[in-house]
Amino acid sequence: MSTTIGRLLSLVGITFLIHSAYSTYQHLSYLNAVDKAESGLPIEIIAECLISVVVSLVGVVLCAGDLKNILMENEMRKQTIDKLDTAPSFITFNHRGRRAVSAHTLLQRRSHMS
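Residue numbers run consecutively from 1 along every chain, following the written order of its sequence. For this predicted model, a pLDDT threshold of at least 70 governs which residues receive local features, and a threshold of 80 or more governs which side-chain atom pairs are given and counted, while totals over whole chains, interfaces and linings are taken from all residues. With hydrogens and water excluded, all non-hydrogen atoms of the structure serve as input to the side-chain values.

Mind showing me how you'd approach the overall build of the protein chain here?
Helix and strand definitions here come from DSSP, where helices need a minimum of 4 consecutive H or I residues and strands a minimum of 2 consecutive E residues; each element is numbered from the N-terminal end. Counting secondary structure elements, the protein chain contains five helices and zero strands. Reading the protein chain from its N terminus to its C terminus gives the helix and strand order α-α-α-α-α. A 1.4 Å probe rolled over the protein chains alone gives each residue an accessible area, and that area as a share of the maximum for its type sets the label: buried under 20%, exposed over 50%, partly exposed in between. Scored against the burial criterion, the 114 residues of the protein chain give a buried share of 11%. Pairs of residues are marked as contacts when any of their non-hydrogen atoms sit within 4.5 Å. Put simply, 73% of the contacts in the protein chain that link residues at least 6 apart link residues at least 24 apart. Of the roughly 10300 Å² that the protein chain leaves accessible, carbon and sulfur atoms contribute 65%. Shrake-Rupley sampling with a 1.4 Å probe provides the accessible areas, and residues are treated as covered by the protein chains on show and by no other component.

Below you can see the structure in the form of structure tokens.
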């Protein structure tokens, strides 16, 4: 129920925010047409803008789901030992195994040739 009300409030707030933006454009166009110096926006437009932002914010808060706890124990239960025990900074690719494998393949080639 609250998500429906939240979506409705968000829609109403965004609609009025768009209307206040259009009213601002219209007011500035009027000032430009009559060659008046910009004296600021009327209080009605400012109030409409602020109220629409607050209404939209309330709607978004009502639409949002429940907050979840961020506990390390809960996250650690989801992990496997393979993910926890990896240390990619300790992996080295330049080690003795390369020489051992190359010596083994060299010996295999020699045994196949004879």
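Hey, could you run me through the packing of helix 1 (residues 2-33) against helix 2 (residues 43-63) in this one?
Two packed helices can be described by the angle between their axes and the distance between those axes. Angles shown run from 0 to 180 degrees and are taken between the N-to-C directions of axes, each axis being a line fitted to C-alpha atoms and, for helices, limited to the stretch in contact. Here helix 1 crosses helix 2 at 155°, and the two axes come no closer than 7 Å. Relative to helix 2, the element helix 1 is oriented roughly antiparallel. As helix 1 packs across helix 2, the resulting crossing turns out to be left-handed. Class assignment of the residues belonging to the contact of helix 1 with helix 2 gives a composition of 13 nonpolar, 13 polar and two charged. Orientation categories follow fixed angle ranges, with anything under 35 degrees roughly parallel, anything over 145 roughly antiparallel, 65 to 115 roughly perpendicular, and all other angles oblique. Each helix crossing is assigned a hand: it is left-handed if the near helix lies turned anticlockwise from the far helix by less than a right angle, otherwise right-handed if that turn is clockwise. Classification convention: Asp, Glu, Lys, Arg as charged; Ala, Val, Leu, Ile, Met, Phe, Trp, Tyr, Cys, Pro as nonpolar; all other residues, Gly among them, as polar.

Help me understand the side chain of histidine 27 in this model?
Tracing the backbone through its elements, the reader meets histidine 27 in helix 1. Judged by relative accessible area, histidine 27 falls into the buried class, the value being 18%. With near-sequence residues (within four places) excluded, histidine 27 lies in contact with Gly40, Leu41, Pro42 and Ile45.

I tried to follow the UniProt feature "transmembrane region" (unreviewed entry) in the protein chain on my own but got confused; where do I start?
When the UniProt feature table is mapped onto this chain, "transmembrane region" (unreviewed entry) is found at residues 39-67. For the annotated span residues 39-67, helix accounts for 72% and strand for 0% of the residues, and the straight-line distance between the end C-alpha atoms is 45 Å. UniProt positions are given in the numbering used here, feature names are shortened, and annotations may be inferred rather than shown by experiment.

Can you help me understand helix 2 in this one?
Counting along an α-helix, one turn takes 3.6 residues, and residues three or four places apart therefore face a common direction. Here the expected length of a helix is defined as 1.5 Å per residue gap, with one fewer gap than residues. Relative to the 30 Å expected for 21 residues at 1.5 Å per residue, helix 2 spans 30 Å between its end C-alpha atoms, a close match to the ideal helical length. Turning to helix 2, the residues buried within the fold contact helix 1.

How should the confidence of the model for the protein chain be read in this particular structure?
Do not read the fine detail of predicted coordinates wherever pLDDT is low. The score called pLDDT rates the predictor's confidence residue by residue, from a low of 0 to a high of 100. The share of residues in the protein chain with pLDDT of 70 or more is 81%, and the mean pLDDT across the chain is 83. The least confident element of the protein chain is helix 5 (residues 96-113), whose mean pLDDT is 69; the most confident is helix 2, at 95.

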